[in-house]
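# Structural features, examined
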Amino acid sequence: MSACMAHLVGPTGHVYGIEHVDELVQQSLKNITADCNHLQHLITLKVGDGLKGLPDQGPFDCIYVGAAAESILQPLVDQLKPNGRLLIPVGPPDGFHQLMQVDVDSDFKVTVKNLGSVRFVPLTDHTSQVTGSNRGGIARYSEVGDGQHVLILPKVIPAPDSKPEDYNVVIHKDA
């Protein structure tokens, strides 16, 4: 997503991405170097807690959250510039969500608009993601020995009463 955003911000913009699993940050950096090297100078990926954002890097014109929070996260709203925008899916970890647009005007007045129903993986903490003790079928990444890692990605669940019937398993061996 960071590479896509780098295309949107153009040559004078900058994109920050947050991931709490270092191995995923390192793999993303490899992918950006291999596939989008011309955008590399526009992208900074950090290991951190997406629930808190990046207060030391802000304020930001726009913040996009790629996983569902249970509520609008005030720390992210606080990191917006005047006339900034936050896009965040909000709802229960195991259900449908509402894509919320949060705008902060030049006087720091906050306006919230519901853009409609969506389905995202839940926004979790580091421990929940790496141990798989999360709810809602989020991806799990774990080492299985000899430098091999397994990423378990649940299938897309199209309706609340659906259940994942199987999982895609991706194995890669570190070089």
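Refer to the structure above for everything that follows.
Residues numbered from 1 in each chain as written. Predicted model: local features only at pLDDT ≥ 70, side-chain atom pairs only at ≥ 80, totals over all residues. Heavy atoms only, no water.

## Describing the pattern of salt bridges
For the structure shown, the criterion picks out two salt bridges. Linking K81 and D61 is a salt bridge whose minimum nitrogen-to-oxygen distance equals 3.7 Å. Here K81 is found in strand β4 (residues 80-90), whereas its partner D61 is found in strand β3 (residues 60-64), with 20 residues between them in sequence. Between D103 and R85 there is a salt bridge, and its shortest N-O distance comes to 2.6 Å. Here R85 lies in strand β4 and D103 lies in strand β5 (residues 97-104), a separation of 18 residues in the sequence. With relative accessibility at 35%, the residue R85 sits in the partly exposed group. (Salt bridge = Lys/Arg side-chain N within 4 Å of Asp/Glu carboxyl O. Helix = DSSP H or I, 4+ residues; strand = E, 2+ residues; numbered from the N terminus. Buried < 20%, exposed > 50% of the residue type's maximum accessible area, 1.4 Å probe, protein only.)

## Some thoughts on the sheet that holds strand β6 (residues 110-118)
Taken in spatial order, the four strands line up as β3-β4-β5-β6 in an open sheet, and their pairing is mixed. If you trace the sheet from one side to the other, it starts and ends with β3 and β6, each paired once. Going across the sheet, the axis of each strand differs from the next one's by a mean of 10°, ignoring polarity. Direction of pairing for β4 relative to β5: antiparallel, over a ladder of seven bridges. Bridge assignment links P89 to a residue of β5, and that residue is L99. (Pairing = 2+ DSSP bridges. Axes fitted to C-alpha atoms, helices over the stretch in contact; angles between N-to-C directions.)

## Remarks on the nonpolar core
Ranked by size, the top nonpolar core spans 15 residues in total, and within it I63, V65, L76, L86 and I88 carry the most contacts. Of all the secondary structure elements, the ones that give two or more residues to this core are β3, α3 (74-77), β4 and β5. Sort the elements by how many residues they give to this core and β4 lands first, with four residues. What V65 contacts, discounting residues up to four positions off in sequence, is L76, L86, L87, I88, P89, F120 and L123. Ranked by size, the runner-up nonpolar core spans ten residues in total, among them A3, V15, I32 and L42. (Core = buried A, V, L, I, M, F, W, Y, C linked by side-chain atoms within 4.5 Å. Contact = heavy atoms within 4.5 Å.)

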